[in-house]
There are 2 protein chains.
Amino acid sequence: MYADRILREELISRIMTSEEAAQLFKDKMVVASSGFTKAGDSKAVLAALAERAKTEPLKITLMTGASLGHGTDGALAEADALSLRLPFQVDPILRKAINKGEVLFIDQHLGETVTLLKSNHFPKINIAVLEASRIEADGSIIPTTSVGNSASFAALADQVIIELNLAVPLSVCGIHDIFSAGEYPNRCEIPIVSVDDRVGRNSIYINPKKIVGVVITNKTDSPAEIAAPDASTSAIARHLVRFFSAEVEQGNLTKSLLPLQAGIGKVANAVLHGFMDGDFENLIMYSEVLQDSTFDLLDSGKMTFASGSSITVSEEYYLKIFHDFEKYKDKIVLRPQEISNAGEVIRRLGIIAINTALECDIYGNVNSTHVAGTNMMNGIGGSGDFARNAYLSVFVTQSSAKGDAISRIVPMVSHVDHTEHDVDVIVTEQGLADLRGLAPRQRAKVIIENCAHPDYKAELLDYYERACVRGGQTPHLLEEAFSWYGRLRENGTMKKFAD
Amino acid sequence: MYADRILREELISRIMTSEEAAQLFKDKMVVASSGFTKAGDSKAVLAALAERAKTEPLKITLMTGASLGHGTDGALAEADALSLRLPFQVDPILRKAINKGEVLFIDQHLGETVTLLKSNHFPKINIAVLEASRIEADGSIIPTTSVGNSASFAALADQVIIELNLAVPLSVCGIHDIFSAGEYPNRCEIPIVSVDDRVGRNSIYINPKKIVGVVITNKTDSPAEIAAPDASTSAIARHLVRFFSAEVEQGNLTKSLLPLQAGIGKVANAVLHGFMDGDFENLIMYSEVLQDSTFDLLDSGKMTFASGSSITVSEEYYLKIFHDFEKYKDKIVLRPQEISNAGEVIRRLGIIAINTALECDIYGNVNSTHVAGTNMMNGIGGSGDFARNAYLSVFVTQSSAKGDAISRIVPMVSHVDHTEHDVDVIVTEQGLADLRGLAPRQRAKVIIENCAHPDYKAELLDYYERACVRGGQTPHLLEEAFSWYGRLRENGTMKKFAD
Ligand SMILES: CC(C)(COP(=O)(O)OP(=O)(O)OC[C@H]1O[C@@H](n2cnc3c(N)ncnc32)[C@H](O)[C@@H]1OP(=O)(O)O)[C@@H](O)C(=O)NCCC(=O)NCCS
Ligand SMILES: CC(C)(COP(=O)(O)OP(=O)(O)OC[C@H]1O[C@@H](n2cnc3c(N)ncnc32)[C@H](O)[C@@H]1OP(=O)(O)O)[C@@H](O)C(=O)NCCC(=O)NCCS
């Protein structure tokens, strides 16, 4: 039984049910789990743990690669099983608990978690739960649809529980590239100089003595929710394609551009689709998440290679891709997230980074995480890793939200995730602001003119001009900078004269 | 004449006065100059240019490594000769002009300027003015007390003017290590794995055809203004030394710690001096600026090697160091600032970064640049390069300014240079907040308790508690967050009840 999935025989005796595995946890433990953008997450053990926590007091610290699927985060939050969660999440129930202060949340650059762990800036991991497609003879595991932080969790945890997922085809073997730059003071270079460089091994080594349980599962990843492109996201894509076409014409870039990264969110996916239309060729990708659009670009021949840390696609694409996965195997690689998101590699390769903003201000500072400066949406994710080190850092957003009650271009962002230094281009459906080489006062004019929603343009300009009277490198009227949020709270709209 | 300083004879014929050199510039030109933290700057040509601009309309874009000395920035600003300045400055006259909006200023991560230039995100450089201690037979130059961006300026500029400074002893030859990682899409690794690795050549290559003038100077750098440690900076140093001693005791660090970086400002220098007192050994430095304290540490034997991009010391230390420079030559290296400040190397080596904040907020966001959110002080400098990629990112600041009229711990910083993700430890004379592994709500309590000035503690706590009632990952009362600056403007103090 499982002869093709468990090549180290002694581990067959450690097969257990998820309920049995859940008994291995104790209150206050630090738990790590595989899972990156809903791909390759724990599908059984954490769910069983949530069940158990319904009836017993049991609160853990939970760290992952990035978000989990299957409502696991919500189930854990609902069972009051989480004291601290990091570094990212997208679950509506957990989000609510975080914003109430019931669950503490550390929002973290996704490329940094492993470095922080290895530096002892965090407590030791007691148990890691890692999804695998196969256990090798040496006890190492072949991951599934993501790598995330799993390799380092395996190395750092006291104990490991493997979720062996039979639903993942064995054809994934070979797409993972597990590399570590080591530990201080002896870290080495990450020797990637081309997106398709393979620099590590294809499995994650685990000391077999640490493997305390193997749980068999048979469940696919939660599908990505892909919103169909609409007028507004298509307009954003069009502006961007026009921008890159002009860069090619001016000789700043070739038709292959430079390696692309695209963040999560409906706009990012639409934008990537936009590259199908332009006059581009031999595109390559060095990103975190490989989405539907990545596979469309690969299928069309427009893209030749994509490197990421996870494959997160819709149900339709999941079936299509894994039905004939061999054809992608020389075109994709999945890496640990401290490699996919390494500033070192991002700067070296010269990434074109495209991420989504909740709101931008007139000087080009970006808020990606905090609604009205306080309430966590998802987390900064990898956007900071890419925006800081990119060849070109693009932020896309619609110019307004909630009908037009909220302007996503504001006088001053209510929370800063990305400073103006890390933002080169802002695009809304209204237009594109090319901020390269501009000082803050110049940035303000271009952002207001090109990106703001018409309903808010005049007031933004008025704010900027009155602020200039007071002076400064970055003119502001601090007593007024956040007044738009007050109006929103009181009148339900940021507009000055609610109709 | 100059036989030991100009080894390429043809260039002797291009010797000219600074006034003649100043005639080579045209209105609207993009000019680059050597100079990093007042070291190795242009001492004659830019000054002559300022003179010329007094009587003719002449406005240039000026980019440097970092700050210039000798009041050059002020003279240029006063002559109305600057339209755009980047990436850093410290001059009071220029600062005023920037904040009035008379001179545009691009505040930039010091490690990024070269990448942005090579990516064509900025206009082409017409003329570069570079200080040198010697011109080699192939036309390359040995820099003086800084490297800064000079190597890339030499490569990218259409024309180069060399300021050959006879005041700099030829014994500096050999301390520079000029390396470039190349250009997109063919950038390579920066092969530094130890602070004392030498990876490049010891001179800056310049195509001799581009050298349009050689100006002879004989003037030392502007001395660093080093404030003597006082009760408050000494307390900060004491807290930090105690923290690192505890880290050594707990086995997180050895007595050699990890490579140190220290920013500019009086606190940073005092803190470095503090390491003289602790039980440390074989310290090493990977920083931007080598200051008086660096040489004290080297002299005492506590430090074995220091890598930087400039030597910026007081007058007394300048005389002492260059009187017997041979003894430091195997202990220091000066690198281009895109190498000294490379995120790649900083992350790899695991730097302990110590920078100064103008103000911090209760969640650990840091403002290093903008007084009351609007007026530029100096610029972000290299603080972001280091804080983002460090093993440990420390920010030091006194808890108050201007008597105690200003609290440097505020509810929300009026400008964000460093987000909470990039801030691990905050230290004031009141105490130290170790923020590692803490979520925002936990960070707030520790920062208020350990770092705030007693006069502001109660109100900070009151703000935090009332904000928590409203909820959120990062609780805030947006309508009140900046009220402290309003009080300051109106009453001259941030205190609620001015006495
Ligand atoms: C910023 C981010 C939330 C945008 O995602 P998206 O799917 O494009 O977002 P939308 O524009 O659909 O907005 C999401 C919701 O927030 C609301 N919203 C958007 N901007 C808002 C604002 N400024 N204020 C209040 N609410 C806002 C929208 O109305 C929408 O709510 P609804 O669904 O109830 O209408 C998402 O990209 C993200 O989490 N980014 C950070 C992480 C990251 O960038 N990772 C990149 C690599 S993984
Ligand atoms: C932040 C920085 C200005 C602090 O420098 P410093 O010499 O320690 O600063 P001080 O505490 O002496 O403050 C400088 C002045 O600003 C004033 N000041 C300080 N904090 C203030 C605040 N929050 N609001 C208003 N004014 C403030 C001080 O009162 C002082 O003015 P004064 O001389 O008229 O009294 C300086 O470190 C810097 O420019 N940092 C950014 C660049 C950087 O970090 N580079 C690192 C690598 S190069």
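Calculation rules
Residues numbered from 1 in each chain as written. Chains lettered and ligands numbered in written order. Predicted model: local features only at pLDDT ≥ 70, side-chain atom pairs only at ≥ 80, totals over all residues. Heavy atoms only, no water. UniProt positions renumbered as here; feature names shortened; annotations may be inferred. Helix = DSSP H or I, 4+ residues; strand = E, 2+ residues; numbered from the N terminus. Near = heavy atom within 4 Å. Polar contact = N/O pair within 3.5 Å; in protein donor to acceptor, adjacent residues only side chain to side chain. Areas by Shrake-Rupley, 256 points an atom, 1.4 Å probe, with all protein chains shown as cover. Contact = heavy atoms within 4.5 Å. Buried area = accessible area lost by both parts, 1.4 Å probe. Salt bridge = Lys/Arg side-chain N within 4 Å of Asp/Glu carboxyl O. Nonpolar A, V, L, I, M, F, W, Y, C, P; charged D, E, K, R; others polar.

Per an unreviewed UniProt entry, the recorded name for chain A is Succinate CoA transferase, and the organism is Pedobacter gandavensis. Taken from UniProt, the Sequence similarities (unreviewed entry) comment for chain A reads in full: "Belongs to the acetyl-CoA hydrolase/transferase family."

Chemist: Would you explain the UniProt feature "domain: Acetyl-CoA hydrolase/transferase N-terminal" (unreviewed entry) in chain A in this entry?
Modeler: Following the UniProt record, one finds the feature "domain: Acetyl-CoA hydrolase/transferase N-terminal" (unreviewed entry) at residues 10–215 of chain A. Secondary structure content for residues 10–215 of chain A is 22% helix and 18% strand, and the end C-alpha separation is 14 Å.

Chemist: Whenever I open this one, the site of ligand 1 confuses me. Can you help?
Modeler: Residues and elements named next belong to chain A. Near ligand 1 you find 23 residues, and of these Glu288, Met377, Asn378, Lys402 and Arg408 are the closest. Note that an oxygen atom of ligand 1 is positioned 2.6 Å from one of the side-chain N or O atoms of asparagine 378. Within the contact set of ligand 1, an oxygen atom lies 2.7 Å away from a side-chain nitrogen or oxygen of lysine 402. Protein contact buries 79% of the 960 Å² of open area that ligand 1 shows by itself. For the shell around ligand 1, the elements supplying multiple residues, two or more each, are helix H8 (266–274) and strand S16 (352–356).

Chemist: It is not clear to me how the interface of chain A and chain B should be interpreted in this structure. Could you clarify?
Modeler: Note: interface size is frequently given as the accessible area lost on complex formation between the parts. Taken together, the 70 residues of chain A in the interface contact 70 residues of chain B. Both faces considered, chain A and chain B share a buried interface measuring about 6000 Å² in area, 53% of it formed by carbon and sulfur atoms. Between the two partners, chain A and chain B, sit six salt bridges. Put simply, Arg347(A) and Glu112(B) hold a salt bridge, and the shortest N to O gap is 2.9 Å. Mapped onto the side of chain A that touches chain B, the elements with two or more residues apiece are helix H4 (92–100), strand S4 (104–105), helix H12 (343–349), strand S20 (375–376), helix H13 (383–389), helix H14 (440–451), helix H16 (478–481) and helix H17 (483–491) of chain A. Considering each element in turn, the side of chain A that touches chain B owes the most residues, four residues, to H12(A). Tallied by class, residues from the side of chain A that touches chain B come to 28 nonpolar, 26 polar and 16 charged.

Chemist: Could you clarify how one ought to interpret the site of ligand 2 in this entry?
Modeler: All names here are of chain B. Inspection of the region around ligand 2 gives 22 residues, with Glu288, Met377, Asn378, Lys402 and Arg408 positioned closest. Within the side chain of asparagine 378, one N or O atom sits 2.6 Å away from an oxygen atom of ligand 2. The contact in question runs from an oxygen atom of ligand 2 to an N or O atom on the side chain of arginine 408, over 2.8 Å. In the complex, 79% of the free accessible area of ligand 2, which totals 960 Å², lies under the protein chains. Those elements that provide at least two residues to the shell around ligand 2 are helix H8 (266–274) and strand S16 (352–356). Among the residues forming the shell around ligand 2, the class breakdown is eight nonpolar, 10 polar and four charged.

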